[in-house]
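Secondary and tertiary structure notes
So you can see what is in the structure, the chains are spelled out below.
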Amino acid sequence: MRAEKNDLHLNRRSFLCASTAAAGGLLVSLYLDFPAFAQEGRPSPPPKVYPPDAFVRIEPSGKIFITVNRLEFGQGVQTSLPMVLADELDADWSQVVAELAPAAEVYKDPLFGIQMVGGSGSISHSFQQYRELGAKTRAMLIAAAADRWKVSPNDCRAENSVVYGPAGKSARYAELAERAARKPVPNTVRLKNPSEFRLIGKKVPRLDSRAKCDGSQKFGLDLDLPGMKIAVVAHPPVFGGRVKNVDDQEARRLSGVKDIFEIPLAKGTGVAVVADRFWTAKQARDRLQIEWDLSGIELADSSQLRAKFKEMARRPGNVAVARGDDKAMSRTPAARRIVAEYEFPYLAHTPMEPLNATVSFKGDKAEAWVPSQFQTLDQMAVAQALGLKPEQVTFHTEYAGGGFGRRAVIDSHVPLEAALIAKRFRDTPIKLVWPREDDVRGGYYRPMHAHRVEIGIGADGMPAAWRHVVVGQSLVAGTPFAAMMIKDGVDKTTVEGVEDTHYNVPNFHVSAHHPVVNVPVLWWRSVGHTHTAFVMETLIDELATRAKMDPIAYRRKLLKPDAKKLRTVLDLLDQKSAAWRKNLPKGHAAGISCHECFNTAVACAVEVSIENKRPKIHRATLAVHCGLAVNPLSIESQFQGGIGFGLNQLMAQGAITLKDGRVEQSNFDGFTPPYIGDAPVAVDVHIVPSTEQPTGCGEPPVPVISPAVVNALTRLTGKRYRNLPLAAV
Amino acid sequence: MLSNSRFFIRTLLIVLGFTATWIVLTADAAVEGRDSQKLNSAASRPDGLAAWEQVYLVLISPRCINCHTATNYPQQGDDRRRHFANVVRGGHEGKGVPALTCAGCHQEVNADSTGVPGAPNWHLAPLSMRWQDTNDRPLSSAAVCRAVTDRSRNHNMDGRALLKHNAEDKLVLWGRNPGRRPDGTMRTLPPLTHAEFANATRTWVEAGTPCPRGR
Amino acid sequence: MATYQLNVNGQSKKVDVDPGTPLLWVLREDLKMTGTKYGCGISACGACTVHVDGIATRSCVVPVSLIGNRKITTIEAIAQDPVGRKVQDAWVEKDVVQCGYCQSGQIMSAVALLKATPKPTEQNIEESMGGNLCRCATYVRIREAIKSASEQLT
């Protein structure tokens, strides 16, 4: 079965266009915009109709099932969106049960137009939507009660899953649900005044805690279906490699092996092993003797790429920003010029739950179970592979053990592999598993980057001129998202955090190169901000030191006057951390950083010392402006955890490297994320009180931590750290 | 003077008598176990030193030295990198800490299907038996020899006990059969066969466990 | 293939598997107990932690043939142990979990720690929990939950 790769992509592209047209002018059906979704100047999308009965189901027992239109992969959405709905619904929270929505039109992200989770959009995009859903359902329940009692709805009120009418009448939601469902859905509803919130804004504990603590929570990998088989695929050792020859004798000797066959992959071809159980499938896969055809394929090599990127960064690229006077730099005396070159490696996401997808092909329809961040695309890919239409694929969203962007892949390669294997069987659920080794070696990394920054410092110590070149693979070139995200040859995700900086630099020039490399790349929690914030915040700190100014004061001075959110968090950070910052033990230093992304501003202060030649982070204080804090408990978790995730960039083994086209790491022993000792001992999070639109909290924690820690280290050692990972301190 | 010299001679005779008795009593003492042979006290110092250099090569090979660290952690692999997952020594027993003990992964025999080595009582040698410095560099031949023969540090082992240890201890023997790595390949063996190692130890012990001079 | 009689959570379970099959996969696939998780397969992450005769053990690297009649305790039954129950309750009370995938292993390790060291210091916690990976990095709350459970137990 030779690769049908080109066909698949072509068909998907035309299908996507067709669906946009068919949706009758629904704006930007496939447009995915990182970082900002709510930009000025873009027309607001037409109102969509979301039938409440697709989102809320009240059972006779009183239990209220709320359907969540996003994957739950740690961010807490299965609690926070139901909270929003339940508040407007005036529901008894103790009766609420959250369910993850399967793939369907009605569950698409209201802004992005596809069903997905990403861009820190869970709350920010669905807050209004879920409020309305709750309010509409409440209105319908009241209408039902008013009907029954022959009174005006205006004489009724609702509280805690009960409607109260005049003259002491009351009825539970459970009693009214059936009648309410037959009531017309109101077009407009009154939403609560923030002062009326009972859940929104409160620290509401997660609904899924107990199940995740007693082993009963099922993730995608835990799925068990009658007749299910397990598949493990032999992937080429170099991306895009093709199978030339397979000797599967040894593999077939293992009892329980059902079938072994070649399959096309998103890139190249591989060999699938299907067996009764995972252990057999993996052992058999490992025993395959495969000769690979690597002809004509680029063998990516990290040391070569580093040299190449560094050289590219020394020339201007495609221009993203050209503001002010380009002679300003040459007018700055040499003594006040800095040139800084930075290097960033490939990074793997490695969510704790290995990648998996289960597909069962029934001939004229199919069923899929995927812990998916990209249900619309994944459903389409499965359908296409099986020769079906998307609506013929029942696509279940399973709970995911983390994602961080890894389960949102434009080519849907994991569910696609599962479908291609399932196609060989009938009515047999095939659970495809990527063992950890496959995950670490399998690509779709945060790209490598090089930065070169030249700064001309004014006499006042502030940057007067700034020339910034970024080198890194484009995340979307060659995909359906390219049109929207690449402008004038610059992929927005490569320069976000630099090009849109809130620092006031008058003569500002930003350009980018997008080399093509044979390594698949993907967004890694906070995307471009992972590297751009590191460069910006370490450089700003360096400038502050040169100007002999306090790092917070310097930032206050340099930020644009209208950088409201950033100014607010800097102030709050200062207030909450001044006491310990001014009282550091010997050998400890404080490091500061601040960054805004996905419309959320974060300021960070860390206390660092050096222990056993590594940074030891004793504490982190964070100040956050995310608009209205829907669930402050969840936000605190996201920030405490997000900075722990971000610290991957500083780990000694926090890099994926390639030699002769092959990834050198294979598991957590070679690519090592932070363990408990690498993460801060204590993290206090302070949220700016606000009633503004809620903005995202999933990604904003990540960019601030690495520069803050490194800024502290520089204070301790006097060294600059511009090449990640931090191999030595 | 005369009384002193008579006292001296009498003491000397007594000491010699004890020594002779000791020699007679120990000369034929059987060494239990596989390589039990009569210990011969005829090995020369040069022979002993040469034999020690052989023993030293084994001791600093990865299968042995990886657990004779000077730090808070074991090493693994032929590249002697720090053992992954932050496993640490624990108390002086060197068996790890609660929830992260050696026995939590290392069983009593090798687990070849998963690539985890095993032997009874898997643990780190105590710090007194370190053969590296805190920068993970093997100590010199002289330094290791001193460590190995210092009875205040080596669990009070004399030459005979050292021979028994090298010949028969389960963890030492594990080095001969170190099992498969997770990738299926066999772990590399120490540079001598077990017989060569035991014989070299014997020669060295017979020579009175001499140590090379120097640091 | 060989037959093994395993003692799992106090019950005798008979399984017919290849001797080299790690205990993890016997639990998950033969006994359908999916609370114990697969994270890496090389004992680097701790998601597969169970107790074997009370010792926190990484089941992904222990072949079922080496278990014998030792008592296996998994996350599904740890609440029957008073320390286990307290730890789970503390985990819920402190809202520790995010994606939750690593937490079975975290809890099993924490229980082993508290049973051996009822009043652990910060260093004890860091060392004993030092081999359990959490990609969501819920470490701050893990520390808090362990300390809370310790206070309630002592």
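What counts, and at which threshold
- Residues numbered from 1 in each chain as written.
- Chains lettered and ligands numbered in written order.
- Predicted model: local features only at pLDDT ≥ 70, side-chain atom pairs only at ≥ 80, totals over all residues.
- Heavy atoms only, no water.
- Axes fitted to C-alpha atoms, helices over the stretch in contact; angles between N-to-C directions.
- Helix = DSSP H or I, 4+ residues; strand = E, 2+ residues; numbered from the N terminus.
- Left-handed = near helix turned anticlockwise from the far one by under 90°.
- Contact = heavy atoms within 4.5 Å.
- Nonpolar A, V, L, I, M, F, W, Y, C, P; charged D, E, K, R; others polar.
- Buried area = accessible area lost by both parts, 1.4 Å probe.
- Salt bridge = Lys/Arg side-chain N within 4 Å of Asp/Glu carboxyl O.
- Polar contact = N/O pair within 3.5 Å; in protein donor to acceptor, adjacent residues only side chain to side chain.
- Domains from an automatic or database assignment.
- 1 Å grid on protein atoms, 1.4 Å probe; cavity = no way out; pocket = protein on both sides within 12 Å on 5 of 7 lines; lining within 4 Å.
- Points joined across faces, edges and corners; volume = space filled by probe spheres on them.
- Parallel < 35°, antiparallel > 145°, perpendicular 65-115°, else oblique.
- Expected span 1.5 Å × (residues − 1).
- Buried < 20%, exposed > 50% of the residue type's maximum accessible area, 1.4 Å probe, protein only.
- Phe/Tyr/Trp six-rings, centres within 6.5 Å; stacked < 30°, edge-to-face > 60°.
- Pairing = 2+ DSSP bridges.

**Considering the packing of helix α2 (residues 77–89) of chain A against helix α3 (residues 122–149) of chain A**
Residue and element names in this part refer to chain A.
- Contact geometry of α2 with α3 gives a least axis separation of 6 Å together with a crossing angle of 35°. The way α2 lies across α3 gives a crossing that is right-handed. Listed contacts from α3 to Val77, Ser80, Leu81, Val84, Leu85, Glu88 and Leu89 of α2 are Ser122, Ile123, Ser126, Phe127, Tyr130, Arg131, Leu133, Gly134, Ala135, Thr137, Arg138 and Leu141.
- Class assignment for the residues of the contact of α2 with α3 results in 11 nonpolar, 5 polar and 3 charged.

**Regarding the interface of chain B and chain C**
- Each partner contributes to the interface: chain B provides 19 residues, whereas chain C provides 24 residues.
- With both chains or domains summed, chain B and chain C bury close to 1700 Å², and 64% of this area falls on carbon and sulfur atoms.
- Area buried by chain B at its contact with chain C is led by Pro98, Ala99 and Gln107 of chain B, which between them contribute 29% of it.
- Where chain B packs against chain C, one counts 0 salt bridges.
- In this structure, the connection of chain B to chain C is made through 6 residue pairs in polar contact (both at pLDDT 80 or more).
- Broken down by class, the residue content of the side of chain B that touches chain C amounts to 11 nonpolar, 8 polar and no charged.

**Topic: the interface of chain C and chain A**
- Tallying the contact residues gives 51 residues for chain C and 61 residues for chain A.
- Together chain C and chain A conceal approximately 4600 Å² of surface at their shared face, both sides included; 56% is due to carbon and sulfur atoms.
- Of all residues in chain C, the largest losses of buried area upon contact with chain A belong to Gln98, Tyr101 and Arg135 of chain C, amounting jointly to 18% of the total for that side.
- Counting across the chain C and chain A interface gives 8 salt bridges.

**A short note on the domain arrangement of chain C**
Residues and elements named next belong to chain C.
- As assigned here, chain C comprises domain 1 (2–76) and domain 2 (79–152).
- Spacing between the C-alpha centres of domain 1 and domain 2 amounts to 21 Å.
- Between domain 1 and domain 2, a total of about 1200 Å² is buried, with carbon and sulfur atoms accounting for 57% of that surface.
- Counting the contacts that link domain 1 with domain 2 gives 0 salt bridges.
- Linking domain 1 to domain 2 there are 5 residue pairs in polar contact (both at pLDDT 80 or more).
- For the side of domain 1 that touches domain 2, the secondary structure elements donating two or more residues are β3 (49–52) and β4 (55–58).

**Things to note about empty space enclosed by the protein**
Residues and elements named next belong to chain A.
- As enumerated under the stated definition, the model contains 7 cavities of 30 Å³ or more in all.
- Approximately 550 Å³ is the volume found for the largest cavity.
- Gln75, Ser120, Gln638, Cys697 and Gly698 are, among the 41 residues lining the largest cavity, the residues nearest its centre.
- Secondary-structure elements contributing two or more residues to the lining of the largest cavity are α2, α3 and α18 (632–646).
- Partitioned by chemical class, the residues of the lining of the largest cavity number 19 nonpolar, 20 polar and 2 charged.
- Estimated volume of the second largest cavity: approximately 110 Å³.
- Of all the elements, helix α11 (residues 413–422) adds the most residues to the lining of the second largest cavity, at 3 residues.
- Looking at the lining of the second largest cavity residue by residue, the classes come out as 6 nonpolar, 4 polar and 3 charged.

**So, the packing of helix α2 (residues 45–59) of chain B against helix α7 (residues 194–206) of chain B**
All names here are of chain B.
- Relative to each other, α2 and α7 sit at 140°, their axes nearing to 8 Å. Classified by the angle between their axes, α2 and α7 sit oblique to one another. Pair α2 / α7 crosses with left-handed handedness. Of the residues in α7, those touching α2 at Asp47, Gly48, Ala51, Trp52, Gln54, Val55, Val58 and Leu59 are Phe197, Ala200, Thr201, Thr203 and Trp204.
- Looking at the contact of α2 with α7 residue by residue, the classes come out as 8 nonpolar, 4 polar and 1 charged.

**Comments concerning α18 of chain A**
Residue and element names in this part refer to chain A.
- With 15 residues, α18 extends 21 Å from end C-alpha to end C-alpha; this agrees with the ideal 21 Å at 1.5 Å per step.
- With respect to burial, α18 is a largely interior element, 15 of its 15 residues being buried.
- Its side-chain oxygen at 3.0 Å from the backbone nitrogen of Leu633, Asn631 defines the N-terminal cap of α18.

**A word on the packing of aromatic side chains**
- Taken as a whole and assessed by the stated rule, the structure comprises 18 aromatic pairs over all chains.
- Ring plane angle 90° and centroid distance 6.2 Å describe the contact between Tyr50 of chain A and Phe55 of chain A, whose orientation is recorded as edge-to-face. Across this residue pair, the class does not change: Tyr50 of chain A and Phe55 of chain A are buried.
- With 6.3 Å between their ring centres and 35° between their planes, Trp52 of chain B and Tyr56 of chain B make a pair best called tilted. Of this pair, Trp52 of chain B and Tyr56 of chain B both sit in helix α2, separated by 4 residues, roughly a single helical turn. Assigned by exposure class, Trp52 of chain B and Tyr56 of chain B land together as buried.
- Through a chain of ring-to-ring contacts, three or more aromatic side chains come together here, namely Tyr50, Phe55, Tyr107 and Tyr130 of chain A.

**As for the sheet that holds strand β23 (residues 589–597) of chain A**
Residue and element names in this part refer to chain A.
- A sheet is described by the order of its strands in space; here 4 strands give the open sequence β23-β24-β25-β28, paired in mixed fashion. Edge positions in the sheet fall to β23 and β28 (682–687), since each of these pairs with one other strand and no more. This sheet shows a mean twist of 20° between the axes of neighbouring strands, independent of strand direction.
- Sheet topology note: the β23/strand β24 (residues 600–611) ladder contains 9 bridges and is antiparallel. The partner of His595 across the bridge, within β24, is Val602.
- Relative to β24, helix α17 (residues 564–581) is tilted by about 30°, and along the sheet it contacts β23, β24, β25 (614–625) and β28.

**Thoughts on the layout of surface pockets**
- Taken as a whole, the second largest pocket holds about 1600 Å³ of empty space.
- Together, 41 residues line the second largest pocket, and Asn612, Arg614 and Asp678 of chain A together with Arg82 and Asn86 of chain B are the ones closest to its centre.
- Counting only elements with at least two residues in the lining of the second largest pocket, the list comes to β25 of chain A, β2 (81–82) of chain B together with α4 (122–128) of chain C.
- For the lining of the second largest pocket, the per-class residue count stands at 15 nonpolar, 13 polar and 13 charged.

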